[in-house]
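Spelled out from the first residue to the last, the chains are:
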Amino acid sequence: MTLPDSPVAHVTTTVLRNLEDQHDWVDLQIHDASGPRPLIRGLPPRRLYIHPDDQIAALANEDATSQQITQEAEHEWVMAVHHKEKWTLRAFAAVFDSIQHSGPREKRILLATVHNDSTVVYYFMHEGMVKPRQN
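Each chain carries its own residue numbering, running from 1 in the direction its sequence is written. Local features in this predicted model are restricted to residues of pLDDT 70 or higher, and side-chain atom pairs are both shown and tallied only at a pLDDT of 80 or more, whereas totals for entire chains, interfaces and linings draw on every residue. As a rule here, side-chain values come from all non-hydrogen atoms in the structure, and water together with hydrogens is ignored.

Student: Help me out: how do you make sense of the packing of aromatic side chains in this one?
Tutor: Aromatic ring pairs are reported here in terms of the distance separating the ring centres and the angle at which the planes meet. Whether two aromatic rings pair depends on their centres lying within 6.5 Å, for rings of Phe, Tyr and Trp, where Trp uses its six-membered ring; planes under 30 degrees apart make the pair stacked, over 60 edge-to-face, and the rest tilted. For the structure shown, the criterion picks out 1 aromatic pair. For the ring pair Trp87 and Phe92, a centre distance of 5.0 Å and an interplane angle of 25° mean the geometry is stacked.

Here it is as C-alpha cells:
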C-alpha cells in the first residue's frame, strides 16, 4: 500500500524501512484502516514479548524438564509517530479500537518513535493493565 505524501506517510515509511533493513522483519504491510493512523503489521525474526503468565509457565517447565520451550515469533502491530507529536489517551484508545484482534491476550502495539535524525526507538504499549514481566 502506498500512502499519500504527508508527514505521517514519511514517518510510517521510515519505520517500515527501519524494521525491514535494520531489524530483519518480514511480511511487512501498511494497514490504513478505520483508525486515526496507518499501522504497520509484520513478523519479527524472533519473539519480541513474552506475556508474564507465559513466562512463568516457561520457567516452571524449564525447571521441571531442563528444556527450554521454543517461543515462535508472532506478527506485531507497529504505530509510527514523530517524537514531537502530542498524543492523548483518547487517540491511543482509538488506535487500539482499530486493531482487529483475536486471542486470549490483551491488544498491544509496538510504538515506534522517530526522532529528527531518523533514529527510531521502540516501546510496547498494551491496552489495559498488564502485570509486569519477571526478570
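Student: Whenever I open this one, the nonpolar core confuses me. Can you help?
Tutor: The tendency in soluble globular proteins is for nonpolar side chains to be buried as a group. We define the nonpolar core as a collection of buried residues of types Ala, Val, Leu, Ile, Met, Phe, Trp, Tyr and Cys that are connected through side-chain atoms lying within 4.5 Å of one another. Partly exposed describes any residue whose relative accessible area lies between the buried limit of under 20% and the exposed limit of over 50%, with all areas from a 1.4 Å probe on protein chains only and scaled to the type maximum. In terms of nonpolar packing, the biggest core is built from 14 residues, with Val15, Leu19, Trp25, Leu28, Ile40 and Val78 touching the most fellow members. Helix numbers and strand numbers start at the N terminus; a helix is a DSSP run of H or I with at least 4 residues, a strand a run of E with at least 2. Looking at this core, the elements with two or more residues in it are helix H1 (7–22), strand E1 (26–31), strand E3 (76–82) and strand E4 (108–114). Top element by residues in this core is H1. It accounts for 4 residues. If near-sequence neighbours (up to four positions away) are discounted, Val15 is found in contact with Ile40, Val78, Ala80, Ala112, Val114, Val120 and Tyr122. Listed in part, the 11 residues of the second largest apolar core include Val95, Phe96, Ile109 and Leu111. Note on contacts: a residue pair qualifies if any of its non-hydrogen atoms lie within 4.5 Å across the two residues.

Student: What should I look at first to understand H1 in this one?
Tutor: Since the α-helix packs 3.6 residues into each turn, any two residues three or four apart lie on the same face. Helix span, expected: 1.5 Å multiplied by one less than the number of residues in the helix. For H1, which comprises 16 residues, the first-to-last C-alpha distance of 22 Å matches the rise-based estimate of 22 Å (1.5 Å per residue) to within 8%. Of the residues making up H1, those classed as buried are Ala9, Val11, Thr12, Val15, Leu16, Asn18 and Leu19.

Student: I'm lost on the sheet that holds strand E2 (residues 39–43) in this one. Help?
Tutor: Strand pairing in a sheet takes place through backbone hydrogen bonds and is either antiparallel or parallel in direction. Here, a strand pair is defined by DSSP locating no fewer than two bridges between the strands. One open sheet accounts for 5 strands, arranged E1-E2-E3-E4-E5; its pairing is mixed. Looking at which strands have only one partner, the edges of the open sheet turn out to be E1 and strand E5 (120–126). On average, each strand axis in the sheet is inclined to that of its neighbour by 30°, with strand direction left out of account. Looking at chain direction, E1 and E2 are connected through 4 bridges and run antiparallel. Residue pairing in the sheet places Gln29 in a bridge with Arg41 of E2. Every angle, taken between N-to-C directions, lies between 0 and 180 degrees, and every axis is a line fitted to C-alpha atoms, over only the stretch in contact when it is a helix. In this fold H1 packs onto E1, E2, E3, E4 and E5, with an angle of close to 130° to the strand it touches most, E3. Against the sheet, helix H3 (residues 89–98) makes contact with E2, E3, E4 and E5, and its axis sits at roughly 130° relative to E4, the strand it touches most.

Student: Sorry, what's going on with the pairing of E3 here?
Tutor: For a regular strand, side-chain orientation follows a simple rule: the groups alternate between the two sheet faces. Counted residue by residue, E3 has 6 buried out of 7 residues, so it is predominantly covered. Strand direction decides the pairing type here: E2 and E3, joined by 3 bridges, are antiparallel. Paired with Arg41 across the bridge in E3 is Trp77. Relative to E4, E3 runs parallel, the two sharing 5 bridges. Within the sheet, the bridge partner assigned to Val78 lies in E4 and is Leu110.

Student: What am I meant to see in unusual backbone geometry here?
Tutor: Comment: phi is negative for the bulk of residues other than glycine, and the bulk of peptide bonds are trans. In this structure, Asp24 takes a positive phi of about 60° despite not being glycine. Position of Asp24 among the secondary structure elements: in the loop between H1 and E1.

Student: I would appreciate a short explanation of the environment of Ala58 in the present structure.
Tutor: Here Ala58 is to be found in helix H2 (residues 52–65). Taking the C-alpha atoms as reference points, Ala58 and Gln71, separated by 13 residues in sequence, lie 9.4 Å from one another. Dropping the residues within four chain positions of it, Ala58 is found in contact with Ile69 and Gln71.

Student: I'm lost on the pattern of salt bridges in this one. Help?
Tutor: A pairing counts as a salt bridge when a side-chain nitrogen of Lys or Arg comes within 4 Å of a carboxyl oxygen of Asp or Glu. Considering all chains together, one arrives at 5 salt bridges under this definition. In this structure, Arg47 and Glu74 form a salt bridge, with 3.8 Å as the shortest nitrogen-oxygen distance. With Arg47 in the loop between E2 and H2 and Glu74 in the loop between H2 and E3, the pair connects residues that are 27 residues apart, well separated along the chain. The shortest N-O distance in the salt bridge between Arg108 and Glu74 comes to 2.5 Å.

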